[in-house]
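# Results of the structural survey
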Amino acid sequence: MKSMFLLLLCPALSQEQLQHEFEFQTSPTKLCSLYIAPSTIPNAGLGIFTAFPLETGDRIGNHDLMIPIVDADLSIGDKTAWMIDDYTWDGSSTGLGRESRREYGVTGFGPGLDGAINCNLALLNVDRQLPEWDDAGLHRSRNPGAGAVAQYSGSKTFASSAIPAGGELFKFYGDNWFESRPETFGNIPLSSDYVRADQLLRRFYYLQSAATFSENIKRSLYDLVTSFPFQGRTVIALPKYHEIVQAIVNGIGSLKQPDAIRSIRELESTGRCLDNIQPGSSSLPEAGRGAFATRPLTAGKVITGSPFFHIPYDSMLFLYKNEWNEGENEFDVDMSVVRGYQLLLNYCWGHKASTVLLCPYSAGVNLINHNQSQANVAVRWAPNGQLSHNSTWLLETPVNEMTSEYSTKIAMDFTALRDIEAGEELFLDYGDEWEKAWIDHVHSWTQFFGKLEGIRPLYQAASTYNNENSKSAILTEDEQDIDPYPANLELRCHKQAMKFVKDETLATCINPSVLWQPAEDGLECDVLERKERGGSLVYTIRLVSNDGSIHIAKGVPRSYLAFFDRPYSTDMHLPWAFRHEIAIPDDMIPDVWKNVK
Ligand SMILES: *[C@@H]1O[C@H](CO)[C@@H](O)[C@H](O)[C@H]1NC(C)=O
Ligand SMILES: *[C@@H]1O[C@H](CO)[C@@H](O)[C@H](O)[C@H]1NC(C)=O
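Keep in mind that what you see is a predicted model, and the values were worked out from it rather than measured.

## Observations concerning the packing of aromatic side chains
- For the structure on display, the rule yields 19 aromatic pairs.
- Considering the side-chain rings of Phe308 and Trp349, the 6.0 Å spacing of their centres and the 80° angle between planes classify their relative orientation as edge-to-face. In this pair, Phe308 sits in strand E14 (residues 302–311) while Trp349 sits in strand E17 (residues 349–350), placing the two residues 41 residues apart along the sequence.
- The class of Phe308 is buried, set by a relative accessible area of 0%.
- Measuring from centroid to centroid gives 6.0 Å for Tyr465 and Tyr485, while their planes differ by 90°, and the two rings are edge-to-face. In this pair, Tyr465 sits in helix H15 (residues 462–468) while Tyr485 sits in the loop between helix H16 (477–482) and strand E23 (489–493), placing the two residues 20 residues apart along the sequence.
- Owing to a relative accessible area of 13%, Tyr465 belongs among the buried residues under this scheme.
- Members of the aromatic cluster, each reached through a chain of ring pairs, are Tyr87, Phe109, Phe309 and Tyr361.
- Between Arg128 and the ring centre of Trp89, over which it is positioned, the NZ or CZ distance is 4.5 Å.

Laid out in structure tokens, this is it:
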């Protein structure tokens with residue numbers, strides 16, 4: 001699992017740069033601007049490349065979805081599907097933390113650029129925003145599609161430094177990612193090692209320019225430093241002697257840049273274009289988001305391609321029963337009772353004759369909806385050796401051997417079934433079982449579940465509630481006894497409300513409006529009293545700090561209070577939410593994978 005917590009190490013975007021982003025036009029040029037292709041990092045699989053030079057702040061590609069995986073048990077016998085873990089982010093660092101009540105209970109899978117960009121600690125050049133709440137226009141009281149699509153999206157990627165044409169994109173995964181994988185990465189320098197190496201270089205430069213050493217002595221001195229018997233990570237980060245001047249002027253990373261570029265010809269022949277598809281609002285009322293062609297696509301053309309990570313057993317995506325434990329004041333998860341499948345199932349491909357699930361993690365393909373009569377896109381296995389696809393796997397790898405393989409082995413190409421015009425919505429045929437399951441779902445929803453929600457009109461997603469009521473007074477505990485909030489809402493207070501605990505008179509010095517960051521989920525709190533002060537309302541609150549201790553804070557302004565969805569209350573947890581995998585076509589499913597009678 002990757003973590004966003006340390007992202008601050010990456011150069012932050014200034015307000016001006018963000019402005020630039022919003023003016024940036026995404027209208028595609030004739031030539032493809034973004035590719036997925038073999039990474040320039042050895043053994044790192046695939047990476048993402050820009051065909052055009054980028055400036056700091058430029059927006060890259062479209063926004064990604066973020067799919068929460070909640071309280072999953074990824075083990076089967078004594079084996080674990082670590083692979084899913086490698087493609088996901090720590091949920092609490094990405095703003096999904098409240099989907100579960102368990103520590104490390106949520107991970108976020110961001111198919112798209114987010115899932116495919118590599119990390120090269122010497123050359124970090126992109127940054128991204130956290131995803132935001134986005135219900136895709138589906139409401140549980142009106143739409144049978146509610147709960148079937150991810151409710152977090154908008155995770156946008158930006159260049160955090162200039163990137164040359166053909167340059168690979170790199171994003172920070174957290175140093176821990178590398179430290180915990182010594183077999184794969186060895187002693188590679190971490191981000192702090194590059195900082196230290198840069199400092200060391202500057203000192204070396206100062207030292208050798210102050211003394212009147214001969215060239216030979218300087219070289220020997222440098223050799224001495226870089227050949228320390230213990231090959232520390234910092235030492236490995238140091239450049240060669242003849243590169244010192246460039247490293248000091250442009251940073252050590254600049255030395256690595258030439259090796260992190262692929263020619264457009266290489267990208268065209270070994271990679272797949274990622275900007276033929278853009279997200280939009282689907283023409284199917286229940287689908288939420290959809291995929292649209294950005295330029296004319298001719299029949300037979302490969303629109304894009306995607307690697308798929310494999311999940312050997314669909315049971316790894318079970319969703320388990322949870323129950324409120326009043327005594328412990330938390331949710332218990334009962335791993336012996338399955339209550340359905342993770343939302344991720346809807347974004348993965350499978351076949352009724354096999355337990356294998358394949359989940360694409362490239363950009364755009366997850367947005368292509370199902371429609372049999374309008375299908376204009378088809379899939380086929382990628383050619384052997386392209387996009388990490390290994391056709392030997394289709395012939396020789398039985399399901400029980402897949403658990404021990406942690407790198408991507410499978411990829412598909414998405415091709416145009418007929419000529420498609422720019423702006424047309426793209427559709428796949430997800431298979432007859434999917435179609436039937438969906439029709440059955442809509443029928444039972446209309447007959448029963450829709451009406452069930454209708455008698456509980458109080459439900460409102462926290463984000464909608466906050467947007468519509470950001471200034472209105474918050475009811476005290478006593479008032480709520482008479483006039484309760486929707487049951488799915490939970491009031492929480494910004495961490496900085498703790499400042500009001502110490503001394504109410506300080507309150508005038510504390511900023512009256514506090515900003516909630518996307519991943520900020522505050523502290524448990526209750527409102528005891530509300531009063532007017534200086535023309536606005538302030539609150540006396542009872543706060544539970546992270547160590548469990550209880551505090552009373554007085555004079556707290558409204559902006560420190562916000563509503564959150566209670567764990568397990570969002571649409572994807574609705575017991576009747578639609579779940580079905582997309583069909584790997586009958587003529588593609590390998591015989592060796594058929595393990596279901
Ligand atoms: C497919 O599209 C047609 C035409 O828009 C529509 O009538 C039909 O309901 C769609 N099918 C599904 C399963 O969404
Ligand atoms: C596919 O996997 C087999 C067995 O693991 C290996 O020998 C072969 O080189 C791989 N092929 C490609 C194209 O990577």
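The discussion continues.
## Focus on the sheet that holds strand E20 (residues 377–381)
- The mixed open sheet is built from six strands, whose spatial order is E20-E21-E14-E18-E17-E28. The strands lining the two open edges of the sheet, one partner per strand, are E20 and strand E28 (582–583).
- As defined by bridge partners, E17 adjoins strand E18 (residues 357–360) across two bridges and the pair is classed as antiparallel. Across the sheet, Trp349 pairs through a bridge with Leu358, a residue of E18.

## A short note on the site of ligand 2
- Around ligand 2, the surrounding shell consists of Asn384, Gly385, Asn390 and Thr392.
- Contacts to ligand 2 include Asn390, whose side-chain N or O atom sits 2.3 Å from an oxygen atom.
- Its free accessible area being 370 Å², ligand 2 has 34% of it covered by the protein chains.

## Concerning the sheet that holds strand E25 (residues 536–544)
- Read across the open sheet, the five strands follow the order E26-E25-E24-E23-E27; overall the sheet is antiparallel. Edge positions in the sheet fall to strand E26 (550–557) and strand E27 (561–565), since each of these pairs with one other strand and no more. Between one strand and the next, the sheet's axes are offset by a mean angle of 40°, whatever the strand orientation.
- Sheet analysis places E23 next to strand E24 (residues 523–533), joined by two bridges and oriented antiparallel. Paired with Arg492 across the strands is Glu524, a residue of E24.

What counts, and where the lines are drawn
Residues numbered from 1 in each chain as written. Chains lettered and ligands numbered in written order. Predicted model: local features only at pLDDT ≥ 70, side-chain atom pairs only at ≥ 80, totals over all residues. Heavy atoms only, no water. Phe/Tyr/Trp six-rings, centres within 6.5 Å; stacked < 30°, edge-to-face > 60°. Helix = DSSP H or I, 4+ residues; strand = E, 2+ residues; numbered from the N terminus. Buried < 20%, exposed > 50% of the residue type's maximum accessible area, 1.4 Å probe, protein only. Lys NZ or Arg CZ within 6 Å of the ring centre and 35° of its normal. Pairing = 2+ DSSP bridges. Near = heavy atom within 4 Å. Polar contact = N/O pair within 3.5 Å; in protein donor to acceptor, adjacent residues only side chain to side chain. Areas by Shrake-Rupley, 256 points an atom, 1.4 Å probe, with all protein chains shown as cover. Axes fitted to C-alpha atoms, helices over the stretch in contact; angles between N-to-C directions.

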